[in-house]
Each structure stands twice: as C-alpha cells, then as structure tokens.
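Structure at a glance
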Amino acid sequence: MAASASITPGEAWVDAKLADLGQWLQRHGGVIRTIQWIVVAIYLVLVAVPAFLPLPGRTAHLWNDLTVFAQFAFWGIWWPFVLVSMVVVGRAWCGILCPEGALTEFASRWSLGRAVPRWLSWGGWPFVAFAGTTVYGQMVSVYGYPKPVLAVLGGSTLAAIVIGLLYGRNKRVWCRYLCPVNGVFAVLAKLAPISFQVDHAAWAASPKPKGESFNCAPLVPVKTMNGAGACHMCGRCSGYRGAVRLARRSPTHEIVHVAGNEPSLDQTALILFGMMGLAVGAFQWSSSPWFIDAKQWLATALVEGGISWPLETTLPWFVLTNYPEHNDVLTLLDGVLLLAYIAATALVLGLSLSGFVALGTRALGAWSWRHFHHLTQTLIPVAGCGVFLGLSALTVTFLRGDGFVVPYVSELRGGLLLGSGLWSTWLAWRVTGLYAVGSRRIAATFAIAAACGLSVFGWVLLFWIW
C-alpha cells in the first residue's frame, strides 16, 4: 500500500473518505446482506416469472410487460453496466449486490464442508465457463426469450447453490472458481481507480489480534494480495491489523506494476481468444454477410446433392432457437454454422492477436513468456470496451424498439473504441518501458497498437460496415 510523498489537501480528503467507506462496509455487514436479499428477490422474479408467461405481443413495451422489462433489465442494463462498474469501483457488484454470490455463500452455511478438489480449482474454468455460456446463449437466443434466460441464469444460480452446499463453509467457492464471468470481472477490475490495498510491512509488524478475524468469502489470500482482480470489495477485511484499507490508485498501476509479476496463461487465453475473439463472433454472426454467404453456399450444395434434412431439422428451444409462432427458428444447418462461425472467429482473431503480441514480445529482446503475458494485459481496455459495446447494442435495440431516440450512438461507439485503443497503447508504452528503451520499446508498442487496431476493426465491421 504505497503512500505518496506529497499529496494535496483534496487528495487527502478523498483518501480519508475512502478509508471511512471501507470501514463502514466492514461495520455494516447486516445492511449489505439486507441489500443482497432485496436484489436476490428481484432477480428471482425477473428470471423465473417471465418464463411462465405468454411471449410478448406486438403491443408489449418496457412499461407494460414484465417479460420485455426483464429482458431489458438483464441485457440492456445489468450486463453492460456491471462491466462498466468493474472499471469504476472494482468488483463491488460481486461483494455487495450479486445474487448468485449471496446465495452460494448462504447455502455454504450448511455445506458438507468438503475440501475444494483439484479439478474444481483448475485455472481454465473462467475461459471455459465464459465461452460455454456465451455460445449456448447464442444458440438459444437468450437475449430475446425468457425460457433461455431461466435456463442460463437460473441454471447458473442453481449450480452456485449446489457448489455452496458441497464445498467450503461460509465461502464463495463458486465465485472463486466457476462463475462464468469471474475471469472477465477479474481482468476488468485491474483498471479500477480504487481498491482494498494491503500494507504488507504493517501486516508483518502487527501481531495477530486476539479474537479478531474476518471471513474472506471469495478465498482471497488477503495477506499477500497485491491487486484487485480477485477482491470482491465487500470490506470485511478493512482495517485488519491496521494494514488493509480502501484507497485510490492509478488506473494503470496494476497492469504496469503488478501484472508482470503474476503471469497468467489462463487470463491471456481469456483476453485474446475469449473477450477479443469469441465474443466478437458471438455478436457478429447474425449480421455477418459471410455467415449468410456460407449458409447459402452450403444449402445449395446440400440440395443439389439431394440432402435436405439439415435444412429442415429443428431442435427443442433449449438446444436451438425454436419459436415458429414468432418466425424465429434455427435449423440444424443454422446451428452448425453458428458454432463454426464463432469458433472460426475466435481462432482467427485469437491467433492473429497472439501473433501481434508475440511480435511485441520479441521486439523487447529474447523471448519471454512473462513478457508475452504482461503485454497481453495491456489489451484489457480495448477488450473490455468491445464486450461492453456488444452488450450495449442490445440496450440501444431495446430502447429504439420502444420508440426512444438514442442520440449520438455512432459517435459514442467510435469515441469509446478510439479511447480504449489509445488507453491500451499507452499501457503498452508503460509496460515496454520496463523491459526496453529506444527502438525496441517503440517497435513493441507499435505491435500492441496493431493488435488494438485489429480488435477495433472487428467492431467497425459490425457497427458501420455491415
């Protein structure tokens, strides 16, 4: 927990208020739990009830139909702006508001108390869970219908409760290892300008207080914590040993000064192949002329070959979208091409981006996987911006569908893409400065800028060209 040699009175005031807020969170766990249960109640109603109601008609609007309101609440407000909150206040959503976190911890009170098995703590789960839920959501049109919402979100919530009943005691094992958005939240929280920070020297110098302890539900090793990625910002550890407090920091600090000491293949895969690859394919496929051309070519080839069943076979709604009354049905051919498109996009973009990062790594000197992973971390701003824009496109669609004019959408999207690309490039400049100078540093930064450009191009295709 580094202290500045000289701070202004305004900064000192902010520091004091943040520390007070951390202490307030530590003292008012009951208030937080009350808020959590209110959120749980609202969440359960919005997830479950619409699935048993008739599908909305043409006259349904946000203000007169629960199903439409629930879809807007989940996909137009909750998802995109929870992502924004990670960059602004870290994982406060997880520690204070998340219904799944609250339910899995509550269930864990009566847990069997089993030790967390090795398979469950595998570092690849964040990518697998993110990819699985994203792809399945596209297959069943989770953004458009209530039953898939119940299947995806309700299924995730049920799994969280089951994990809570099996492993740990008063813990959030689900959140720590299996939550589908844990990985995305963890990388975005690295950009937050506030976090709970540990003064390691003060911790070491202070004897363990007798009878005083705290329960870190998400299983964060607070004593050795250096970043905000895993912290749920619940405040339970605030003030412990006089060494933990909520404090401000530079949004560049963790990426530049911490991430290089914690190289992570799992996060690298999530950023390059998940957030910057698979997510692009998931949002692109329904608008892509390449998808349409591939479908027409393959359909023609099948018909000419006397094979028609892939064009006629449909599957239940919980496997592939199947709502004939709304003229919304995916055939087996559609489903196969959907999976192929998303997989191909993830591979092409992921490998291409990896190539640019590898060029940047090599420009710094001898090959180093540590440098490769560190440079990948600089892409977090542009990766997060892309996912946000993909989700916020649903916000715009919902609002326009109800007659609300959303001004300057193109300009805002362009500004966000430009700003996030410049932010990532600036982070790359800072990081490369740790390992090289002169032309090597410039070349490595240029490679990351090229990766940013490729990422931005994928969203330009979706929003402006197609």
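Scroll up to find the structure.
Read on for a plain summary of the structure.

Definitions and cut-offs
- Residues numbered from 1 in each chain as written.
- Predicted model: local features only at pLDDT ≥ 70, side-chain atom pairs only at ≥ 80, totals over all residues.
- Heavy atoms only, no water.
- Core = buried A, V, L, I, M, F, W, Y, C linked by side-chain atoms within 4.5 Å.
- Buried < 20%, exposed > 50% of the residue type's maximum accessible area, 1.4 Å probe, protein only.
- Contact = heavy atoms within 4.5 Å.
- Axes fitted to C-alpha atoms, helices over the stretch in contact; angles between N-to-C directions.
- Helix = DSSP H or I, 4+ residues; strand = E, 2+ residues; numbered from the N terminus.
- Parallel < 35°, antiparallel > 145°, perpendicular 65-115°, else oblique.
- Left-handed = near helix turned anticlockwise from the far one by under 90°.
- Pairing = 2+ DSSP bridges.
- Salt bridge = Lys/Arg side-chain N within 4 Å of Asp/Glu carboxyl O.
- Phe/Tyr/Trp six-rings, centres within 6.5 Å; stacked < 30°, edge-to-face > 60°.
- Lys NZ or Arg CZ within 6 Å of the ring centre and 35° of its normal.

A word on the nonpolar core. Judged by nonpolar contacts, the single largest core of 101 residues is most densely connected at Phe 74, Trp 75, Leu 153, Phe 185 and Leu 379. Every residue in contact with Leu 153, bar those within four places of it in the chain, is listed here: Tyr 43, Val 47, Phe 74, Trp 75, Trp 78 and Glu 100. Ile 194, Val 222, Cys 231 and Val 244 belong to the second-largest nonpolar core, a separate cluster that totals 20 residues.

Moving on, we come to the packing of helix 2 (residues 29-48) against helix 5 (residues 99-107). Following both chains from N to C, one finds helix 2 and helix 5 inclined at 110°, their axes separated by 9 Å at the closest point. If you check the angle between helix 2 and helix 5, you find them roughly perpendicular. Where helix 2 crosses over helix 5, the two elements pack in a sense that is left-handed. Contacts from Gln 36, Trp 37, Val 39, Val 40 and Tyr 43 of helix 2 reach helix 5 at Pro 99, Glu 100, Ala 102, Leu 103 and Phe 106.

On to the pairing of strand 1 (residues 194-198), then. Summarising burial for strand 1: five of the five residues are buried, a large majority. Burial of the side chains of strand 1 extends over both faces: Ile 194, Phe 196 and Val 198 are buried on one face and Ser 195 and Gln 197 on the other. By the bridge criterion, five bridges tie strand 1 to strand 2 (residues 244-248) in an arrangement that is antiparallel. By the bridge assignment for strand 2, Gln 197 is matched with Arg 245.

Take the pattern of salt bridges next. Here the structure, examined in full by the defined rule, presents six salt bridges. Arg 249 is the salt-bridge partner of Glu 254, the closest N and O atoms lying 2.7 Å from each other. For the pair Glu 254 and Arg 249, a shared accessibility class is recorded, and that class is buried. One network of salt bridges, in which partners are shared, links Glu 11, Asp 15 and Arg 248.

Further remarks concern the packing of aromatic side chains. Geometrically, a pair of aromatic rings is defined through the distance of the ring centres and the angle of the planes. For the structure shown, the criterion picks out 29 aromatic pairs. Both rings, one in Phe 74 and one in Trp 75, keep their centres 6.2 Å apart while their planes meet at 50°; by these two values the pair is tilted. Over the face of the ring belonging to Trp 429 we find Arg 441, whose NZ or CZ atom lies 3.7 Å from the ring centre.

Limitation: the analysis is restricted to geometry and does not speak to function.
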